[in-house]
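Read off the chains here:
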Amino acid sequence: MRASELLAPTLRETPAEAEIVSHQLLLRGGFIRKAAAGIYTYLPLGRRVLAKIEQIIREEMDRAGGQEVVLPIIQPAELWQESGRWEVYGEEMFRLQDRHRRQFCLGPTHEEIITALVRSEVTSYKQLPLLLYQIQNKYRDERRPRFGLLRGREFVMKDLYSFDLDQEGLNQSYQKMYQAYSNVFRRCGLDFRPVQADSGAIGGNYSHEFMALAAAGEALLVYCRECDYAANVEIAEARALPKAAAENPAPLKEVATPGQKTVTEICTFLQVTPDKLIKTLFYEADGQLIAALVRGDRELNEVKLQNHLNCRHLVLADPERVMKAAGAPVGFVGPVGLQGIPLYADLEIPYLVNGVAGANREGYHLVNVNPGRDFKTAAVVDIRQVEAGEPCPRCGAPLAQARGIEVGQVFQLGTKYSSVLGAKYTDARGQEHPIVMGCYGIGVSRTMAAIVEQCHDDQGIIWPLSVAPYQVVIIPASLKDDGQREVAEGLYRELAAAGVEVVYDDRDERAGLKFVEADLIGYPLRVTVGKRTVTSGTVDVKWRSRKEETPLPLEGLTAQIQTLLAREMEKYRLRG
RNA sequence: CGGGAUGUAGCUCAGUUUGGCUAGAGCACCUGCUUUGGGAGCAGGGGGUCGCAGGUUCAAAUCCUGUCAUCCCGACCA
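Keep in mind the model is a prediction, meaning the values are calculated, not measured.

Trainee: Explain the packing of helix α1 (residues 21-28) against helix α11 (residues 444-454) to me, using residue names and the numbers behind them.
Mentor: Taken N-terminus to C-terminus, the directions of α1 and α11 make an angle of 100°; their axes are 8 Å apart at the nearest point. Compared by their axis directions, α1 and α11 come out roughly perpendicular. Between α1 and α11, the residues in contact are Val21, Ser22, Leu25 and Leu26 and Met448, Ala449, Val452 and Glu453, respectively.

Trainee: An account of the domain arrangement of chain A is requested, with residue identities and associated values reported.
Mentor: Interface size, as often reported, equals the accessible area lost upon joining of the parts. Domain assignment breaks chain A into domain 1 (21-236 + 401-453), domain 2 (253-381) and domain 3 (470-572). Each of domain 1 and domain 3 has a C-alpha centre, and these two points are 39 Å apart. Contacts between the two partners involve 10 residues from domain 1 and, on the opposite side, five residues from domain 3. The contact between domain 1 and domain 3 buries some 760 Å² in all, and 61% of this surface belongs to carbon and sulfur atoms. When residues of domain 1 are sorted by the area they lose upon contact with domain 3, Leu45, Arg48 and Lys52 head the list and together hold 47% of the total. Where domain 1 touches domain 3, the interface holds two salt bridges. Residues glutamate 501 and arginine 48 are paired through a salt bridge, measuring 3.9 Å at the closest nitrogen-oxygen approach. When residues of the side of domain 1 that touches domain 3 are traced back to their parent elements, those giving at least two are α1, α2 (44-63) and α6 (167-187). With three residues, α2 is the single largest residue contributor to the side of domain 1 that touches domain 3.

Trainee: Now, about the protein's contact with RNA strand B: what can you tell me, with residues and values included?
Mentor: What surrounds RNA strand B is a group of 45 residues, the closest being Arg12, Arg140, Arg144, Met157 and Asp519. Within 4 Å of the protein, the atoms of RNA strand B are drawn from sugar and phosphate moieties in a proportion of 49%. Within the side chain of arginine 28, a nitrogen or oxygen atom sits 2.7 Å from a base oxygen of RNA strand B. Arginine 526 places a side-chain nitrogen or oxygen 2.8 Å from a base oxygen of RNA strand B. Of all elements in the fold, only β1 (32-36), β8 (154-164), α13 (511-521) and β29 (525-529) reach the threshold of two or more residues within the surface near RNA strand B.

Trainee: Describe the side chain of lysine 514, naming the residues involved and giving the relevant values.
Mentor: Following the sequence through the fold, lysine 514 ends up in helix α13. The buried charged residue lysine 514 lacks any salt bridge partner; its closest oppositely charged side chain belongs to aspartate 505, at an N-O distance of 4.2 Å. In this structure, lysine 514 is in contact with Ile475, Pro476, Leu479, Asp505, Asp506, Arg507 and Glu509, ignoring residues within four places of it in sequence.

Trainee: With reference to specific residues and values, describe the pairing of β8.
Mentor: In terms of burial, β8 is largely enclosed, as 10 of its 11 residues are buried. As defined by bridge partners, strand β7 (residues 130-139) adjoins β8 across 10 bridges and the pair is classed as antiparallel. Within β8, the position partnered with glutamine 136 by the bridge is methionine 157. Sheet topology note: the β8/strand β24 (residues 436-443) ladder contains eight bridges and is antiparallel. Paired with phenylalanine 163 across the two strands is methionine 437, which belongs to β24.

Trainee: Explain the environment of leucine 289 to me, and be specific about the residues and the numbers.
Mentor: Within the secondary structure layout, leucine 289 lies in strand β15 (residues 288-295). Note: C-alpha distance between leucine 289 and isoleucine 278 (11 residues apart in sequence) is 18 Å. What leucine 289 contacts, discounting residues up to four positions off in sequence, is Phe282, Tyr283, Glu284, Ala317, Arg321, Ala325, Ile341 and Pro342.

Trainee: Break down the environment of arginine 573 for me, citing the residues and quoting the values.
Mentor: Within the fold, arginine 573 resides in the segment after α15 (557-569). We classify arginine 573 as partly exposed; its relative accessible area is 44%. Residues arginine 573 and cysteine 105 lie 468 residues apart in sequence; the distance between their C-alpha atoms is 40 Å.

Trainee: Pulling in residues and values, what's your account of the packing of aromatic side chains?
Mentor: Evaluation of the coordinates by the stated rule reveals 11 aromatic pairs. Aromatic pair tyrosine 181 and phenylalanine 210: ring centres 5.4 Å apart, planes at 55°, arrangement tilted. Taken together, the positions of tyrosine 181 in helix α6 and phenylalanine 210 in strand β10 (residues 206-213) put the pair 29 residues apart, joining distant regions of the chain. The two residues tyrosine 181 and phenylalanine 210 agree in class, both being buried. An aromatic cluster of at least three residues, connected via ring pairs, comprises Tyr178, Tyr181, Phe185, Phe192 and Phe210. One residue, arginine 95, lies across the ring of tryptophan 86, its end atom 4.6 Å from the ring centre. The side chain of arginine 193 reaches across the aromatic face of tyrosine 223, ending 4.0 Å from its centre.

Trainee: Outline unusual backbone geometry, supporting the account with residue identities and numerical values.
Mentor: Between leucine 128 and proline 129 the backbone carries a cis peptide bond, its omega angle lying at 0°. Looking at where proline 129 falls in the secondary structure, it is placed in the loop between α5 (111-121) and β7. A positive phi is found at asparagine 310, a non-glycine position, where the angle reads about 55°. Residue position: asparagine 310 is located in the loop between α8 (302-309) and β16 (314-316). The exposure class assigned to asparagine 310 is exposed, which follows from its relative accessible area of 69%.

The rules behind each value
Residues numbered from 1 in each chain as written. Chains lettered and ligands numbered in written order. Predicted model: local features only at pLDDT ≥ 70, side-chain atom pairs only at ≥ 80, totals over all residues. Heavy atoms only, no water. Axes fitted to C-alpha atoms, helices over the stretch in contact; angles between N-to-C directions. Helix = DSSP H or I, 4+ residues; strand = E, 2+ residues; numbered from the N terminus. Parallel < 35°, antiparallel > 145°, perpendicular 65-115°, else oblique. Contact = heavy atoms within 4.5 Å. Domains from an automatic or database assignment. Buried area = accessible area lost by both parts, 1.4 Å probe. Salt bridge = Lys/Arg side-chain N within 4 Å of Asp/Glu carboxyl O. Near = heavy atom within 4 Å. Polar contact = N/O pair within 3.5 Å; in protein donor to acceptor, adjacent residues only side chain to side chain. Buried < 20%, exposed > 50% of the residue type's maximum accessible area, 1.4 Å probe, protein only. Lys, Arg positive; Asp, Glu negative; His and termini not counted. Pairing = 2+ DSSP bridges. Phe/Tyr/Trp six-rings, centres within 6.5 Å; stacked < 30°, edge-to-face > 60°. Lys NZ or Arg CZ within 6 Å of the ring centre and 35° of its normal.

Laid out in structure tokens, this is it:
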């Protein structure tokens, strides 16, 4: 490719709208442009990176036995009504009507459509297992699209669905995908970690997320440095860590605490440590009021609470409703004497001796609160957020914490969709069974952004060779010098003919500008043709990721470059 | 959806408080000359319904009302 013909409009300045590095650099490097909030155009360079990532995914899916299909983006409402998700999905679904006023949506995901396909085409156990996948745009009308490609409303996703006879088959498919995902992200050059994850509204009971470690990530995860335990904090198991309490239970006492509402205020006022406090949080679980109790020095984890309650919607109750139910405003509510509101206590609560809690009377708190004696709980459950430094639930070593970008997730769905939509097979004895399903997603465009988050410096992007838009850029220092121009042209032709993905910067610009742009765009290997090329017959070769520049003789240069590229590519090969 | 902010040239922004003359700068773009190994210099040039709609006024980028869009924080989220 000649740079003079390439549409790669770089920006000198960082666009005001871009907050995080990947968004900034992808805009500045001329990879993407915004069309609307969360909706992007991919320019030639962006498209090439995307295609590289897609190809890696395709190879790994095919290797695992997947078959590629293309499912419709526009999907009929009927199918979604059948699965019950037409209503459940709510505002996040882009809906539209055709000229006959029939209802459709833009596919936010494809469980319905693929299950419908399989129910009509698969009837016998002989046709299973089956792994079907596609790489295609998804549409989700996010409440708040942000961070460029990391959370868009239109984005590229690979989704694979597995269909098996039984749980054992599903386990095997799941295992295959887990391995395939590890392969994909390794080949993309990502520093990633698979973590145990919540299966969320998509259903199912077993799930892992693949997290690209990055400060810009929206997800928080904990992992053990000693064993292989790693989990999204949403579901990370907490242990009860009771402080050794030597005291004996004392009589319950009400004390005036005028205006003292927050944990910090109360602790200062009453001269106690936060771990003595019982935080009482009211939630509406599918409309029903419940109270959750955690220690004052802990954070409640809503995902865990929701999973224990097994409810669909969980929201913090509004203050008025709390006032009505407890008889006191938020800040003065507590578990003692609450009538008709189930109490869900965190694992650590029962260990508290002489704790502090709201008195359910404005301006008052109770001291010497003793769980069991002073109030009864509906359940004692793990509902607090795990923090860095806590012991690993597997081996006890201190847990580390990190932020991650969720680039992939694998789910065991079981028969959630197949039973609702009637996807069944007949076994060898003529018995009908629902097909056992799994689903597996990779955010392709998000992966592209995640790579940039991890691979950049002050000058720009440093693409891993495996996903770079082009592998090599040739920069002639001066095009006015016929000698340089001829060598550069010739080298370009030779490399291109040898199948190397190469950009020849033939623009009538100063060399300095070309270097700056090459660094911004992030071509992995740079070949500079300059005065020395003409005088001593060498070019200067430099990796984007390294500082040194080395002279290489023109003789046999194409083969030499191919060798260099092949050696570098080894980094992204799978081991074993 | 709640809170905050911003919309002026392709990009980054000034001008708005206190209404006033032909709406500005830098970068980018076009032409010419010089320059040419890390975002060149000089000269000349093109590009704007000041987000949109309405209102107040002799006069609106500037004041008022409405509306749309975008960004950030939160809530939410296969």
